[in-house]
Structure formats: C-alpha cells, structure tokens
Protein chains: 2
Amino acid sequence: MSERRKLTLKDIAKDLGISVSTASRALKAHPDIAQETIQMVKDYAAKHNYVPNIIAVNFRKSRTKNIGLIVPELVHHFFSTVISGSIDEAKKSGYNILVSQSNDFLADEIVACKTMMASSVDGLLISISNETYDGDHILEFIDEGKPVIQFDKILEKLPVPKVIVDDFEGGYSATKHLIDQGCKRIAHIAGRKDVLNACERMKGYKKALNDHQIPFKEEYIRYCESISEEEGEQFMEEFLALPNPPDAVFCITDLVALGVIKALKNKGISIPDQIAIVGFSNWKLAEIVSPSLTSIDQHGYQMGVVAVRMLIQKLEDKNFEIPDTLELKTRLVIRDSSVKVKA
Amino acid sequence: MSERRKLTLKDIAKDLGISVSTASRALKAHPDIAQETIQMVKDYAAKHNYVPNIIAVNFRKSRTKNIGLIVPELVHHFFSTVISGSIDEAKKSGYNILVSQSNDFLADEIVACKTMMASSVDGLLISISNETYDGDHILEFIDEGKPVIQFDKILEKLPVPKVIVDDFEGGYSATKHLIDQGCKRIAHIAGRKDVLNACERMKGYKKALNDHQIPFKEEYIRYCESISEEEGEQFMEEFLALPNPPDAVFCITDLVALGVIKALKNKGISIPDQIAIVGFSNWKLAEIVSPSLTSIDQHGYQMGVVAVRMLIQKLEDKNFEIPDTLELKTRLVIRDSSVKVKA
DNA sequence: CTGTTAGCGCCTTCAC
DNA sequence: GTGAAGGCGCTAACAG
C-alpha cells in the first residue's frame, strides 16, 4: 500500500528545471521543441515511469474514451460474440466498451441509455429491444453530439447508421442449400412478422423457392412468437400432421431447430434423410446437438469490430460520414442435419 | 445536431446572481445553505435540465467510477453470466464495468491489466488465465491503491480477496447424488492437478466415496489437459475398455460430459440406466443435450453481484475490509442423465 | 448562510 | 525554442 503520489508534469518540469508546457510538448515531440529537450524529458519520463493522468486529459478534452454498448441480452452466444469483437477492436485505439443490457424491455433500455448518458460515453452502439418502436431515447445522444450506430436488431425508421447482417441472403442460401440437397417441400418456421430480420429471412426463402420453380405454400409456414424450442417442437408436429409433410425445414433460429429435431426424434423420423434441417445464427449448440446442425453464421465478432471501428472513426474525425447501412454477408455452415447421402 | 453547449454551474450561478460554490452546495442540499436558496437552485436546475459534468467531477475526485473486469473468455456461458451480474450490480451505484478478456493467455492478461491501469479504473475484478502462476501485474493495482478481488479462477498465493465457488461441496454433492442413485463404481474425469478448482472437486468426490464406504480406485480416474469434448469421449472409451467399467461418471465440466455422452451413444449404452452422468457448471448445453444433463450450478450471476458489491464497498469506504475468502455454495440441478428409474 | 480563493493535471494560445 | 498564463467544471477549505 505504498500509495505514492503519481508523478505529474509539474514534477517533471521542476526536476528538470523547465516549464510544464515545455515538458508537455516535449513528450509529444512537438516540432517547436529542441531535440535535446525532447530526449531529456522522454528519458526522464521513462526512467521515472511517468503515466499521464488520463482523467485529467479526458477532462481537458471533454471526452471519456468510453463507448456505450447496449444489447438485449448479455448471456447470449451471438451478442457476447459481438461484444467480444467490439472490445478487442476498441482496445486498439484506447477506447473502452461499457456494456449494458435491456433484457429486451423498453424500460430497461431507456434506463441503460440514461446511464450511458450520465457516465457520458463518447458514442453509442445499440441493438434494440423487442419492445422498441420509437427511438427518442436514442436520438438524445445525437442531440448531445454523440454519434450512434445501430447493429443487428435495428429500428429502421431511426435516422442512425446501421450495421446488419444480410438476412435476405442468409435466408436465400439456407433455402438454396436445401434445394440443392434435392428437397422439394421446404417448410419455414419464421419469426414475428413485425421484426425486420425475420422478414428478410422469409424474403430470401421465398426468392430461393421462386428461382427454382418451387411453389410457395402457406401450409409450410409457421410464425414464432417467442422464438423458443417449444415452438419449434410444436410446429414440427403440426407439419407432420399435414397430408403431405415437408421434407426439409428452415428455422429462424438454431433454438427453434433444436425443438424441431426433438419432435423428429420422438417420432423416430431420420434427419436428414427423411427431413433435412437448417437453423440460423450458428450458435454453439449447432455443433453440439446431434445430429449437428447446419446453420447460417452471422459473423458476430466481425459485426462488433466493424461497428466499433466506424464509431471511432467518426469520433476521431467529425467530418467522417458513417455509411448509412452496412450489410455483412452470412456464411452457410454445413453440418450433418442437412446433407443427404447421394442415393 | 443542436450541439448546444451544456449548462454549467457557472451559468446557473450567473443567472441566479449567486456564486458557483453556493450553487454547487445547494444542489447537494448542503446543511449550511438556506432552504430557499436550495429550492431556487434546484428548481432552476430542473427547469433547465442541468446535468453535472461527470468528467469534471471524476477529475476533481480523481476517480473514474469504472471497475475493470478481466475474464479468460467473454464468449462463455459461465463468465458472461458473471459479467451480467457484475454489470447489473455496478449500475445500482453508478459504476461502470469495463470488460476485458485474456483468452487464457498470460500475455493477454498482462496487456489487459495495463490497459485497465491506463484507463485508470478504480478497482479490478479478475479471474486469472490458465497460464498465470504469478501475480505481479495484479499487485500493481494494489500498489496504486486500487482494490482488487479475484473470482472463480484464482491464484491462491496472491494476497488478494477471493470470491469462489465451493468446488469441494460441488464435487461432493455430485458424487453423493450418484451414490444415492445406487451407483457403485463411480468414475471421475478430472481437470488438471495444478488447477485449484479441479482439485477441490476431486477432493469432494473422494470424500463422498469415503463417507459411503466406496473404495477410491485410480483406474476410474482420468485427468483432462484441455477440458474438451474430445477428451471426454476418449476417456469414456478407455473406461469402457476396463474389465469392470464404471456405472457412473462425474465430469469436471459439462463439455467433457458431452463427449462422454457421445461415446456412450456410439456404443449404444443407455444413459442413465447403464451409466449415469453428472457434469459441472450447468451451462446452457446441459438443458439442450439429450438426454439432458444433471449438473452443478455455480451461481455465476450471484458471483458477479457479490464481487462487485464488495469492491464498491471498499471503494466507498477505505476502512472496509473485504473478507479474505467468500465461498458460494453450489446447487445440484438434477436432469435425465443421472436419475435411475426405481426398479 | 454565502462568497472568495485555490486548485485537481493537462493543454494551448500568446508572448518573448 | 521556451515560458507564463488561463481555463476546462467542479469542490472544499477558509473567510466573512
């Protein structure tokens, strides 16, 4: 507990018999300063282990080098992946990431925004909650001159840059993959109709069917409300009760696919031979479940990296214009649940 | 982009014809100040939406209200649960959590510590990497007068308070549960002998056997190096090759248990009837896998809450003494992989 | 009860 | 090339 007072510029200046401002400038190798002086000060600083007082610097520059990051859930494979990417990228430029979660409640999201505001982050990255249909609490950041970027779950009408996954392409490639496996009756367990990501995946699904002359049939569609395993199980049972059940199912999410797999196992239906399955998000569980699950990877880490990088660019250069929308491509990860052995 | 300059105490003072310090004191209802003045200032502040400049306040008080949190891995069910608890608890007192990950490398951990130091967090919570056998980089915080708390993966010799799970009790109750199910030949796939948590679980296992007059047999023990699914699979195969294979396996972690389950499925051995399984950590996968996995829950959220709470207490009151070791009890979560149907 | 004063550590004109 | 001085916004000791 030495609790030694930290060395300040003033100390250096006094010890070296120069002024504080000279010391300050020397440390950043200001062109006005003589080489010798610069060396002298730098040596002294190195020797005595001088560390500038960041709090003072930030105060002086009225910034914190903190970036707020609000996600619906922290304990969630995709979001923690995004966070991981954000943190790693932010660190490179000396920024910190302050994480907060909304638990998918609007009220919590608003509180999180206020907290972020109060701890005066320099900018904000946000993935909105399921309940957020209006972004006044987000616009306040803009009002304060703090840049904001939305990612993944976005509010489309909000005039704020967005980093998203190309869900359309994801839906398309998932479906096309099933078609390529020879499936003809491809069902889709979709998400809520008012959620953008879900709609895009559906559009991709439809386009793929259309491109391959497969008719779209309403009986092969179900909409999840809570995006749960139970819904997957239940809907799969409904599909099986159809006169002409599907031979493949594309699920809005891996968790739903898990429910589907359970239902099929219960009935003793073989995957992928009788029914092939594709999920979405490529969670950890996709590798773990048996049979392992073909899924669409959303590059969460990359999304975190990209969002942070753009925000920091804006922070360091007011004139930088963040592109309005950045779409990351998805990647089809093929596993056992969808690959039919060639007959 | 109004970019309006924020209201400061000076503005309030000038508008109200009082001094800055009076305004400052009035806002915190200092006893010296007249009730009327307090009212007047507070009303004015409320009306004009005055928000103190946190950066200035922190500078003045030379603190950041940021707490560093270093974990081996961010994308990890247990650690993200801990983080979630920390963040929620910290928010209550107006603290922020800065998360960093070591990827289980000592070098990364040291860098993370330096970064934390540089962004001058007020205190540190750390769960060490697998490679950390020496804590000089951690002690630096103490030297700077910044309190530190270790949690979960700890360096025992470090004279720094610890919040841990009672692994001994966890190992004991997992084993006892298997004994209660009628198992007589209980194997244990353990962790590295030099990792504290793993040793404690082993001790609990041995004690439970001993308390129930079951002999400990070295042939039923295996030690993981990387704590992976593959190791679980391989060790289970080794067990099965024994002249007298076990009728139950207690695994150091759910992931290892998953490998064990795979091996058993491959051989067509029924779980739990022929061999019962218990994991440890109660990850998400424990619910998901089939059969669902009995496991030991470590109360990650609670651990985050407790660690933060103690650190903040110390921060707000220098005289507060953080207890040297706090052990959280585990909880046995019984699922299908271990419950034998009564004959 | 209130105002004055003096910084916290650093950066940045402005002057020499 | 270097130094002096002012100030970022807020707090707190010290006067009145």
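The structure presented is a predicted model; accordingly, all values stated were derived computationally and were not measured. (Residues numbered from 1 in each chain as written. Chains lettered and ligands numbered in written order. Predicted model: local features only at pLDDT ≥ 70, side-chain atom pairs only at ≥ 80, totals over all residues. Heavy atoms only, no water.)

Residue and element names in this part refer to chain A. Read across the open sheet, the four strands follow the order β7-β6-β8-β9; overall the sheet is parallel. Each edge of the sheet is formed by a strand with only one pairing partner; in this case those strands are β7 (221–223) and β9 (276–278). Taken pair by pair, the neighbouring strands of this sheet meet at an average axis angle of 15 degrees, ignoring direction. The pairing of strand β8 (residues 248–251) with β9 spans three bridges and is parallel. (Pairing = 2+ DSSP bridges. Helix = DSSP H or I, 4+ residues; strand = E, 2+ residues; numbered from the N terminus. Axes fitted to C-alpha atoms, helices over the stretch in contact; angles between N-to-C directions.)

We now examine the sheet that holds strand β8 (residues 248–251) of chain B. All names here are of chain B. Read from one edge of the open sheet, four strands run β7-β6-β8-β9, paired in parallel fashion. The strands lining the two open edges of the sheet, one partner per strand, are β7 (221–223) and β9 (276–278). Averaged over neighbouring strand pairs, the angle between their axes works out to 15 degrees when direction is ignored. Across the sheet, helix α9 (residues 196–211) lies against β6 (186–190), β7 and β8, angled at about 170 degrees from β6, the strand it touches most. (Contact = heavy atoms within 4.5 Å.)

Before going further, it helps to examine the interface of chain B and chain A. Tallying the contact residues gives 45 residues for chain B and 45 residues for chain A. Summing both partners gives a buried area of about 3900 Å² for chain B against chain A, and 61% of it is carried by carbon and sulfur. Three residues, I55, F59 and I288 of chain B, lead the burial of chain B against chain A; their summed loss comes to 16% of the area buried on that side. Elements with a minimum of two residues in the side of chain B that touches chain A: α4 (54–61), α5 (77–92), β2 (96–101), α6 (106–118), α7 (136–143), α11 (254–267) and α12 (284–288) of chain B. Considered class by class, the residues forming the side of chain B that touches chain A number 17 nonpolar, 17 polar and 11 charged. (Buried area = accessible area lost by both parts, 1.4 Å probe. Nonpolar A, V, L, I, M, F, W, Y, C, P; charged D, E, K, R; others polar.)

On to the domain arrangement of chain A. Along its sequence, chain A is carved into domain 1 (9–51), domain 2 (63–164 + 300–328) and domain 3 (167–298). Between the C-alpha centres of domain 1 of chain A and domain 2 of chain A the distance comes to 38 Å. (Domains from an automatic or database assignment.)

Attention now goes to the relation of the copies chain B and chain A. The transform that puts chain B on chain A rotates by 180 degrees and translates by 0.1 Å along the axis, for an RMSD of 0.2 Å. With respect to symmetry, the two chain copies, as superposed, fit the operation of a two-fold axis. When each C-alpha of chain B is compared by its distance to the rotation axis, L98 of chain B comes out closest, at 2.8 Å. Most of the interface of chain B is mirrored in chain A, where 100% of its interface residues again form contacts. (Least-squares fit on C-alpha atoms with pLDDT ≥ 70 in both.)

Turning to the nonpolar core, a few remarks are in order. One finds I277 of chain A together with I277 of chain B to be the most contacted residues of the largest nonpolar core, which totals 119 residues. In contact with I277 of chain A, not counting residues within four places along its chain, are V249, C251, A257, V260, L264, I271, L293, T294, S337 and S338 of chain A. Counting 34 residues, the second largest nonpolar core, distinct from the first, contains V148 of chain A together with L155, L158 and V160 of chain B. (Core = buried A, V, L, I, M, F, W, Y, C linked by side-chain atoms within 4.5 Å. Buried < 20%, exposed > 50% of the residue type's maximum accessible area, 1.4 Å probe, protein only.)

With that settled, the discussion passes to the side chain of S100 of chain B. With respect to the helices, strands and loops of the structure, S100 of chain B is situated in strand β2. A polar contact of 3.1 Å, which involves the side chain of S100 of chain B, links it to the side chain of K91 of chain A. If we ignore the near neighbours within four places in the chain, the residues touching S100 of chain B are I87 and K91 of chain A together with L69, I70, V71, A112 and M116 of chain B. (Polar contact = N/O pair within 3.5 Å; in protein donor to acceptor, adjacent residues only side chain to side chain.)

This paragraph deals with helix α10 (residues 229–240) of chain A. If you check α10 of chain A, its first and last C-alpha atoms are 17 Å apart, about what 12 residues at 1.5 Å a residue would give, namely 16 Å. Summarising the contacts, the buried residues of α10 of chain A are in contact with β6 (186–190), β7, β8 and α11 (254–267) of chain A. (Expected span 1.5 Å × (residues − 1).)

What surrounds DNA strand D is a group of 27 residues, the closest being T22 and R25 of chain A together with L9, Y50 and R60 of chain B. Take S21 of chain A: an N or O atom from its side chain is 3.3 Å from a base nitrogen of DNA strand D. Within the backbone of N53 of chain B, one N or O atom sits 3.1 Å away from a phosphate oxygen of DNA strand D. Elements that contribute at least two residues to the surface near DNA strand D include exactly α2 (20–27) and α4 (54–60) of chain A together with α1 (9–16), α2 (20–27) and α4 of chain B. In terms of residue class, the surface near DNA strand D is built from 11 nonpolar, nine polar and seven charged. (Near = heavy atom within 4 Å.)

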